[in-house]
Amino acid sequence: MTLIDRIRKSETRIFKAVFPNTTNHYDTLFGGAAMQLMEEVAFITATRFSRQRMVTVSSDKIDFNKPIPAGTIIELIGTVTKVGNTSIKVRVVIDIEQMYSDHRENAISGQFTFVAIDENKQPVPILR
């Protein structure tokens, strides 16, 4: 399998409904809840790509471009953007989708870095 095929196959998409228990006093998704969902999608993407133990080593810049209101659907999309020797970068975007229309727009984007580790928690090559 080529690197491009592997990247395409590891893309991860998850949909969630934004309910009041995940919103703040402005009726928008808590930033921390959004970051938790993003890290989870990034982890799944990195693991699907490598099929190895992966640990998060950093979250790079996360841009909150638009508030996410309660009563919307969000789609989180994780995509591998860079493959190093032992590390991998995954970009995650969150798009807002209105429940009762076709309107969609980007709300949040961020980058996460993971390292592949062995059973002794030592870094190992991503591509073997």
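Note that the coordinates shown come from a computational prediction; the quantities given were computed from them, not determined experimentally. (Residues numbered from 1 in each chain as written. Predicted model: local features only at pLDDT ≥ 70, side-chain atom pairs only at ≥ 80, totals over all residues. Heavy atoms only, no water.)

*Asks:* I'd like a rundown of the packing of aromatic side chains, residues and numbers included.
*Replies:* Summed over the entire model, instances satisfying the criterion amount to one aromatic pair. Both rings, one in F43 and one in F114, keep their centres 6.5 Å apart while their planes meet at 50°; by these two values the pair is tilted. Within this pair, whereas F43 is found in helix α2 (residues 31–50), its partner F114 is found in strand β5 (residues 104–117), the two being separated by 71 residues in sequence. One Lys or Arg, R6, reaches over the ring of F49 and ends 4.8 Å from the middle of that ring. (Phe/Tyr/Trp six-rings, centres within 6.5 Å; stacked < 30°, edge-to-face > 60°. Helix = DSSP H or I, 4+ residues; strand = E, 2+ residues; numbered from the N terminus. Lys NZ or Arg CZ within 6 Å of the ring centre and 35° of its normal.)

*Asks:* I'd like to hear about the nonpolar core, residue by residue, with values.
*Replies:* Core analysis: the largest hydrophobic core is formed by 28 residues, its most contacted members being M38, I68, I74, I88, I94, I108 and F114. Elements that contribute at least two residues to this core include exactly α2, β2 (53–64), β3 (72–83), β4 (87–98) and β5. Of the residues forming this core, the biggest block, seven residues, is contributed by α2. Other than its neighbours up to four places away in sequence, I108 contacts A34, M38, I62, D63, F64, I68, V92, V93 and I94. (Core = buried A, V, L, I, M, F, W, Y, C linked by side-chain atoms within 4.5 Å. Buried < 20%, exposed > 50% of the residue type's maximum accessible area, 1.4 Å probe, protein only. Contact = heavy atoms within 4.5 Å.)

*Asks:* Explain the environment of N120 to me, and be specific about the residues and the numbers.
*Replies:* Here N120 is to be found in the segment after β5. As for N120 and S109, which are separated by eleven residues in sequence, their C-alpha atoms are 33 Å apart.

*Asks:* So what's going on with the environment of I44? Residues and values would help.
*Replies:* Tracing the backbone through its elements, the reader meets I44 in helix α2. A relative accessible area of 26% places I44 in the partly exposed class. As for I44 and A34, which are separated by ten residues in sequence, their C-alpha atoms are 16 Å apart. In this structure I44 touches T12 and I14, once residues within four positions along its chain are discounted.

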